[in-house]
Amino acid sequence: MPARRDYILSIIEQVGRMLAQVIFRRKAGQHQEALQAVVQGCERLFGLEASQLFQFTPEQHFLMLADGEQPEVARDKVLLYAAMCAEAGQIYAAQGNQPLARGSFLNALRLTLRARSEFSSERLPVYTPDVAELLAALKDVPLDADTAELLRDVEQTGR
């Protein structure tokens, strides 16, 4: 079990470095390179090729990341994926692709809220997406009932 935990933590660290590359490239205006880094990071995090990975729903992605993991590791993996989705949203917004930007921001919000609702909110990783920023990015998008309920739960519990 310790070897598996070390392996998973190594993957989280690698994908965290990829996230830093995404942010750097996005801020430099290198949108295609940043999107490619998002895809590579997601492939590494899930251990699947993009063609397989993006056939699943966000709910299935959550379960794939959390299944069989210690709660803190599951939370960190889900939040890292949420951060990748948020960055994809930023990139799509900069490219003027509002439908993909909204979808990416909404996935990031759902994943972040669910992670904060189901797991400990103590010592959240630095890459945890900011719920207020995601809501601001989605200001003109009505939230579905499940996401709105998650938001209420997180706001009520202060997570």
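About the criteria used
- Residues numbered from 1 in each chain as written.
- Predicted model: local features only at pLDDT ≥ 70, side-chain atom pairs only at ≥ 80, totals over all residues.
- Heavy atoms only, no water.
- Helix = DSSP H or I, 4+ residues; strand = E, 2+ residues; numbered from the N terminus.
- Rg over C-alpha atoms; globule rule 2.2 N^0.38 Å.
- Phe/Tyr/Trp six-rings, centres within 6.5 Å; stacked < 30°, edge-to-face > 60°.
- Buried < 20%, exposed > 50% of the residue type's maximum accessible area, 1.4 Å probe, protein only.
- Axes fitted to C-alpha atoms, helices over the stretch in contact; angles between N-to-C directions.
- Parallel < 35°, antiparallel > 145°, perpendicular 65-115°, else oblique.
- Left-handed = near helix turned anticlockwise from the far one by under 90°.
- Contact = heavy atoms within 4.5 Å.
- Nonpolar A, V, L, I, M, F, W, Y, C, P; charged D, E, K, R; others polar.
- Disulfide = S-S within 2.5 Å.
- Arc of directions from axis to C-beta.
- Core = buried A, V, L, I, M, F, W, Y, C linked by side-chain atoms within 4.5 Å.

1. Let's talk about the overall build of the chain
The helix and strand inventory of the chain stands at eight helices and zero strands. Mapped from its N terminus to its C terminus, the chain presents α and β elements in the order α-α-α-α-α-α-α-α. In terms of C-alpha radius of gyration, the chain reaches 15 Å, essentially the compact-globule figure of 15 Å for 159 residues. With respect to the principal axes defined by its C-alpha atoms, the chain has extents near 45 × 40 × 30 Å.

2. Let's talk about the packing of aromatic side chains
In this structure the tally under the stated criterion is two aromatic pairs. Seen from their ring centres, Phe46 and Tyr81 are 5.0 Å apart, and the 85 degrees between their planes marks the pair as edge-to-face. Placement of Phe46 in helix H2 (residues 31-46) and of Tyr81 in helix H5 (residues 71-94) is noted, with a sequence separation of 35 residues between them. Each member of the pair, Phe46 together with Tyr81, is buried. A centroid spacing of 6.2 Å and a plane angle of 25 degrees characterise the contact between Phe62 and Phe119, whose relative ring orientation is stacked. Of the two residues, Phe62 is situated in helix H4 (residues 58-66) and Phe119 in the loop between helix H6 (98-118) and helix H7 (131-137); the sequence distance between them amounts to 57 residues.

3. Regarding the packing of H4 against H5
Where H4 contacts H5, the axes come no closer than 8 Å and their chain directions differ by 140 degrees. On the basis of the axis angle, H4 is oblique to H5. Note that H4 runs across H5; the crossing there is right-handed. Here His61, Phe62, Leu65 and Ala66 of H4 come into contact with H5, specifically with Ala74, Lys77, Val78 and Tyr81. Tallied by class, the residues present in the contact of H4 with H5 amount to six nonpolar, one polar and one charged.

4. With respect to the state of the cysteines
Counting across every chain of the model gives zero disulfides. Counting only cysteine sulfurs, Cys42 is the nearest neighbor of Cys85, a cysteine outside any disulfide, at a range of 6.0 Å. The exposure class of Cys85 is buried, given its relative accessible area of 8%.

5. Here's the deal with H4
Residues of H4 that are buried: His61, Phe62, Leu65 and Ala66. Taken around the axis of H4, the buried residues stretch over an arc of 120 degrees, which confines them to a single face. Each element contacted by the buried residues of H4 is listed here: H2, helix H3 (50-53), H5 and H6.

6. Overview of the nonpolar core
In this structure, Leu45 and Tyr81 are the most contacted members of the largest nonpolar core, which totals 47 residues. Of all the secondary structure elements, the ones that give two or more residues to this core are helix H1 (2-27), H2, H4, H5, H6, H7 and helix H8 (145-157). The dominant element in this core, judged by the number of residues it contributes, is H5, at 14 residues. Excluding residues within four positions of it along the chain, Leu45 makes contact with Ile11, Val15, Leu65, Lys77, Leu80 and Tyr81.

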